[in-house]
Amino acid sequence: MDTIEQNSQDVQPVRTEPESVRSAKHSRRAFLFKLSLLVNGAVGAVMAVPIIGYLLGPAEKKDSSYDSWVTLGPLTDFPEGETRLVNYRNPVTTSWDGQTGDVPCWVRRVSGTTFQVFAINCAHLGCPVRWFAQSKLFLCPCHGGAYYADGSRASGPPERGLFEYEHKVTGDTLMISAGKMPTLANQARNETPLLQIEGADSAKRLRAVEQPVPRCGSCQG
Ligand code: FES
């Protein structure tokens, strides 16, 4: 009997929260739920912008971008006999491409209005080449490729000279056809002869040669 009385004393009375406390907890939970929805929505929107831009980007690109000419600067920026690094804005990029849309290239003013504009990428595996005025060589830091001042191959793994941009002088301004990057793929697609530089003196050594489009050996037909 004593044990039953003792057990009944051990049982704690169930305390019910006042209505005001329950209502405060409920409204706080509802507020946090709405806040998390808002934050998730904002994060989702921020992440969706570049994805949608990536998906819709090609549709937005105008064909005219590929044929557009871009100004590299006035002729006075390029002293005769010198080679200078110039950045231009790739016309095919969109506004949110940021700095990746800025493309460097090497401009060599041979004399008067005779220029050469080289892609900065090595013809081997694409590392950016640097111009060394004292040795009059373009050198590639990756595997030691070297090119003469006129872009022709001097030594190392590259099998050809530097790629050149199509360019023109309009008034006192140097312009390049920047929408089409000077690559073998672009030249093959346009079915234009590839400008290949051979030998040591550029004026005599420039010649156009047809580059066959590589074919798949296992393909039929
Ligand atoms: Fe320039 Fe290999 S990438 S030599």
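A brief structural summary. (Residues numbered from 1 in each chain as written. Predicted model: local features only at pLDDT ≥ 70, side-chain atom pairs only at ≥ 80, totals over all residues. Heavy atoms only, no water.)

**Observations concerning the pattern of salt bridges**
In plain terms, the rule: Salt bridge, as applied in this entry: a Lys or Arg side-chain nitrogen positioned within 4 Å of an Asp or Glu carboxyl oxygen. Exposure is judged per residue with a 1.4 Å probe applied to protein chains only, and the accessible area is read against the type maximum: over 50% gives exposed, under 20% gives buried, and values in between give partly exposed. Numbering of helices and strands runs from the N terminus; a helix is a DSSP stretch of H or I covering at least four residues, while a strand is a stretch of E covering at least two.
Enumeration according to the criterion identifies two salt bridges in this entry. We note a salt bridge from Arg-84 to Glu-82, for which the minimum N-O separation is 3.3 Å. Look at Arg-84 and you get partly exposed, because its relative accessible area is 35%. Here Glu-82 falls in the partly exposed class, since its relative accessible area comes to 37%. For Arg-89, the salt bridge is made with Asp-102, and the minimal N-O distance between the two is 3.1 Å. Here Asp-102 lies in strand S3 (residues 102-111) and Arg-89 lies in strand S2 (residues 83-89), a separation of 13 residues in the sequence. Accessibility expressed as a relative area gives 35% for Arg-89, which makes it partly exposed.

**Considering the state of the cysteines**
Here, the word disulfide means a covalent bond between the sulfur atoms of two cysteines. As a reminder, the rule being used: Defined by distance alone, a disulfide is two cysteine sulfur atoms within 2.5 Å.
Taken as a whole, this structure holds one disulfide when the rule is applied. The side chain of Cys-127 participates in a disulfide bridge whose partner is Cys-142; the two sulfur atoms lie 1.9 Å from each other. Because the sign of the S-S torsion sets the handedness, a value of about -95 degrees for the bond joining Cys-127 and Cys-142 places this disulfide among the left-handed ones. Of this pair, Cys-127 sits in the loop between strand S4 (114-119) and strand S5 (130-132) while Cys-142 sits in the loop between strand S6 (137-139) and strand S7 (146-148); the two residues are 15 residues apart in sequence, bridging distant segments of the chain. According to the relative accessible area criterion, Cys-127 is buried, its value standing at 17%. Exposure remark for Cys-142: the relative accessible area of 38% places this residue in the partly exposed category.

**As for the nonpolar core**
The line we're drawing: Only buried residues count toward a nonpolar core, which is a set of Ala, Val, Leu, Ile, Met, Phe, Trp, Tyr and Cys residues joined through side-chain atoms within 4.5 Å. When checking whether two residues touch, look at their non-hydrogen atoms; a contact exists if any pair is within 4.5 Å.
Of all hydrophobic cores here, the largest spans 30 residues; its most connected members are Leu-72, Tyr-88 and Val-107. Broken down by secondary-structure element, the contributors of at least two residues to this core are strand S1 (69-74), S2, S3, S4 and strand S10 (173-177). Discounting chain neighbours no more than four positions away, the residues touching Val-107 are Leu-72, Phe-78, Glu-82, Thr-83, Arg-84, Val-86, Phe-115, Gln-116, Val-117 and Leu-174.

**Brief notes about a nonpolar patch on the surface**
The line we're drawing: Here a patch means residues that are over 30% exposed by relative accessible area and free of salt bridges, tied together within 9 Å if like-charged and within 5 Å if nonpolar (Val, Leu, Ile, Met, Phe, Trp, Tyr). Every accessible area reported is derived by Shrake-Rupley at a probe size of 1.4 Å, with residue values counting cover from the shown protein chains alone.
Side chains of Phe-31, Leu-32, Leu-35, Leu-38, Val-39, Val-43 and Met-47 sit close together on the surface and give an oily, nonpolar patch of about 700 Å² of accessible area. For Met-47, the position within the fold is in helix H2 (residues 19-60). Among the residues examined, Met-47 registers a relative accessible area of 51% and is labelled exposed.

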